[in-house]
Amino acid sequence: MRIILCENYDELSEKAAGIVASQVMLKPDCVLGLATGSTPVGMYNKLAEMYKNGEIDFSQVRSFNLDEYYPIKKDNDQSYYTFMRENLFSKINIDPNNTHIPNGETDNPKAECENYEKMIKQSGGVDLQILGIGQNGHIGFNEPDASLNSYTHLTKLTENTINANSRFFNSYDEVPKQALTMGISTILSAKKIILLASGASKSTVVAELLNDAINTSVPATMLKTHPDVILICDRDAYMGTKLGIDIGGTNIKFAVVEGDCVKYKSSVKTERTCEGIIEAIAKEANSIKEQFNIKKVGVGTPGIIKNGMVTSVNLPFENTNLEKLLKERLGLPVTVDNDANCAALGEIEFGTTKECDNIVLVSLGTGVGGGIIMNRQICHGNNNMGEIGHIIIQTEGGRKCPCGLCGCWEQYASATALIKDAQAAALENKESVLYGLMEKNSSRLDGKLIFEALDQGCETAKAVFDKYIFYLASGIESLVNIFGPDAVVLAGGVTKQGDKLLAPLKEKLRGNIRIEISELQSDAGALGAAML
Ligand code: F6R
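Model, not experiment: these values are computed from the prediction. (Residues numbered from 1 in each chain as written. Predicted model: local features only at pLDDT ≥ 70, side-chain atom pairs only at ≥ 80, totals over all residues. Heavy atoms only, no water.)

**Student:** Tell me about the site of the ligand, and name the residues and values.
**Tutor:** In the vicinity of the ligand lie 14 residues, with Thr-39, Asp-67, His-138, Gly-140 and Lys-202 positioned nearest. Measuring from an oxygen atom of the ligand, one finds a backbone N or O atom of Gly-140 at 2.8 Å. In the complex, the protein chains occlude 94% of the 410 Å² of accessible area that the ligand would expose alone. In terms of residue class, the shell around the ligand is made up of three nonpolar, eight polar and three charged. (Near = heavy atom within 4 Å. Polar contact = N/O pair within 3.5 Å; in protein donor to acceptor, adjacent residues only side chain to side chain. Areas by Shrake-Rupley, 256 points an atom, 1.4 Å probe, with all protein chains shown as cover. Nonpolar A, V, L, I, M, F, W, Y, C, P; charged D, E, K, R; others polar.)

Put into structure tokens, the structure is as follows:
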């Protein structure tokens, strides 16, 4: 089974319509097997649009629908007869005589089914079968059962299907309890099959379809016996509800994400030992698991990750197999990545740069951290790519960095560097506002006081800040030259100053570099981890 993974429902509809259109172009009198339900509606709309634009001609196409409720009048609003007319047939030039739907009005369902099967065979068989998938794994109305029916037949709908389909009727009672449906062999005799799955409600069954062996409790697994099936699904159906965990030095943050919707956020304190951290994560994550149907877990952690082993100077991890330890405690698939990478992913998925494909995240804190996203994917390089704080901006007499090099960017552009430089300048200019503020604050400076001094027109603070902006701009220019991102996103405590930082920085930067201040800030890591 091939898989086409789409970003969203619109892309899924476009891809599916493209395949149908190719089929019709290659064989204008082809036989299409059609499905109803909410999933193919977008695809039908795209096909109608293509027809309207003169791109596709349905005049010779023949069609057989998968199924119809039984009993049901053709003119019932909810009959598949009405559905096909409204969603496709009335919008394209298909000949109504060439369209076939099992007759839900028949008083002899057995004869209707036999005749339907015969007509499909006489047509030369279905060239391209379109399928949706029920939450219980049904295809057509072949419901989970100990054994499955081969050919077109009358079947009882399960409670699950009646419930799922009651959204189209006024009440559960109005949903017909039976249906006429192509059988599994009828479906499998199609030359080519595309199976569409959209939305988080399908994620469990898509996972079963992909992971389980062929079995009659998930009828869609029968498709694995067919040589030409394409599953076209969007990310929600493929990934379902996800839990993101961001392990920080002080707090561990949790975020539950479904599609592009953040369902829940929480945080717990970071313990000092590895066991303590695992225990705290397991406790919170398992309680989240009880509330949400979590399908996978992503974890962001500081440090270098090599073959799944984490080593971090800030946390008690040394060659720690975090993935394995958490998988054992949570009973779910776990993916681990560097926390800055996760934050960058969070920014492109949920932040102000959502519409970009390429961004660089620059986090200005104790050091300068970052993550690089190209084509919406994290760039890993050889495990520790993204250590942007260690690009060298000063070659001669550069400041010494604990990494062993001199002149690293973070020695100039981190919040720590700004404070250090301001402290030194204040001590050299004891008459300055900056020095006065520092003295009032027990001889200590912080970022806020530097901006307060700037607000009061302090020349000493301004000289330090101008230099800081110069350093910041130098590194950003380099990143832009190397990666050519659509935007650079800045995060970290200093960026809380907003325009006071952004305006002078923009002035200093050459060209048209788009710079944004993160709106997600420390939430980005857990959100991005969920999307790993
Ligand atoms: C419809 C059909 C069903 C649906 C399935 C998914 O002709 O045979 O198998 O494809 O129930 O329905 P939606 O797309 O509404 O989730």
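Let's pick the thread back up.
**Student:** Tell me about the pairing of strand S10 (residues 229-234), and name the residues and values.
**Tutor:** For S10, a buried count of six out of six residues is recorded, marking the element as mostly surrounded by other parts of the structure. Bridging between strand S9 (residues 192-197) and S10 involves five bridges; their strand directions are parallel. Bridged to Ile-193 within S10 is Val-229. As for the winding sense of the linkage, the β-α-β connection from S9 through helix H7 (residues 203-211) to S10 is right-handed. (Buried < 20%, exposed > 50% of the residue type's maximum accessible area, 1.4 Å probe, protein only. Helix = DSSP H or I, 4+ residues; strand = E, 2+ residues; numbered from the N terminus. Pairing = 2+ DSSP bridges. Right-handed = clockwise from strand over helix to strand, strands pointing away.)

**Student:** Residue-level account of the environment of Gly-457, with values.
**Tutor:** As for its position among the elements, Gly-457 is in the loop between helix H15 (447-455) and helix H16 (459-483). For Gly-457, a relative accessible area of 49% translates into the label partly exposed. Residues Gly-457 and Leu-434, 23 residues apart in the sequence, show an inter-C-alpha distance of 9.8 Å.

**Student:** Please provide a residue-by-residue account of a negative patch on the surface, values included.
**Tutor:** A surface patch of like charges, here negative, comprises Asp-75, Asp-77, Glu-86 and Glu-105. Among the secondary structure elements, Glu-105 is positioned in the loop between strand S5 (99-100) and helix H4 (109-122). Residue Glu-105 is classed as partly exposed on the basis of its relative accessible area of 38%. (Patch = residues over 30% accessible without salt bridge, like charges linked within 9 Å, V, L, I, M, F, W, Y side chains within 5 Å. Salt bridge = Lys/Arg side-chain N within 4 Å of Asp/Glu carboxyl O. Lys, Arg positive; Asp, Glu negative; His and termini not counted. Charge placed at Lys NZ, Arg CZ, Asp CG, Glu CD.)

**Student:** Lay out the pattern of salt bridges in plain terms, naming residues and giving numbers.
**Tutor:** Under the counting rule described, the total for this entry stands at 20 salt bridges. Notably, a salt bridge pairs Arg-510 with Glu-477, separated by 3.4 Å at the nearest N-O pair. In this pair, Arg-510 sits in the loop between helix H17 (499-508) and strand S22 (515-517) while Glu-477 sits in helix H16, placing the two residues 33 residues apart along the sequence. By relative accessible area, Arg-510 is classed as exposed at 56%. Across the pair Glu-516 and Arg-514 runs a salt bridge, and its minimum N-O distance is 2.9 Å. Through salt bridges with shared partners, a single network forms among Glu-7, Arg-235, Glu-349 and Arg-376.

**Student:** Tell me about helix H2 (residues 41-52), and name the residues and values.
**Tutor:** For H2, which comprises twelve residues, the first-to-last C-alpha distance of 16 Å matches the rise-based estimate of 16 Å (1.5 Å per residue) to within 8%. Taken together, the buried positions of H2 are Gly-42, Met-43, Tyr-44, Lys-46, Leu-47, Ala-48 and Met-50. Looking at the packing, one finds that the buried side of H2 touches helix H1 (9-26), strand S2 (31-34), helix H3 (80-87), strand S6 (128-131) and S9. Downstream of H2 by one or two residues, Gly-54 has phi in the positive range, about 75°. (Expected span 1.5 Å × (residues − 1). Contact = heavy atoms within 4.5 Å.)

**Student:** Any chance you could break down the sheet that holds strand S19 (residues 368-374) for me, citing the residues and the numbers?
**Tutor:** Taken in spatial order, the five strands line up as S20-S19-S18-S21-S22 in an open sheet, and their pairing is mixed. Single-partner strands in this sheet number two, and they are strand S20 (377-378) and S22. As defined by bridge partners, S19 adjoins S20 across two bridges and the pair is classed as antiparallel. From the neighbouring strand, Ile-373 faces S20, where its bridge partner is Ile-378.

**Student:** Help me get a handle on the sheet that holds S5, residues and values and all.
**Tutor:** Taken in spatial order, the seven strands line up as S1-S10-S9-S6-S2-S3-S5 in an open sheet, and their pairing is parallel. For this open sheet the edge positions go to strand S1 (2-6) and S5, each flanked by a neighbour on one side alone. Direction of pairing for S2 relative to S6: parallel, over a ladder of two bridges. If you follow Leu-32 over to S6, its bridge partner there is Leu-128.

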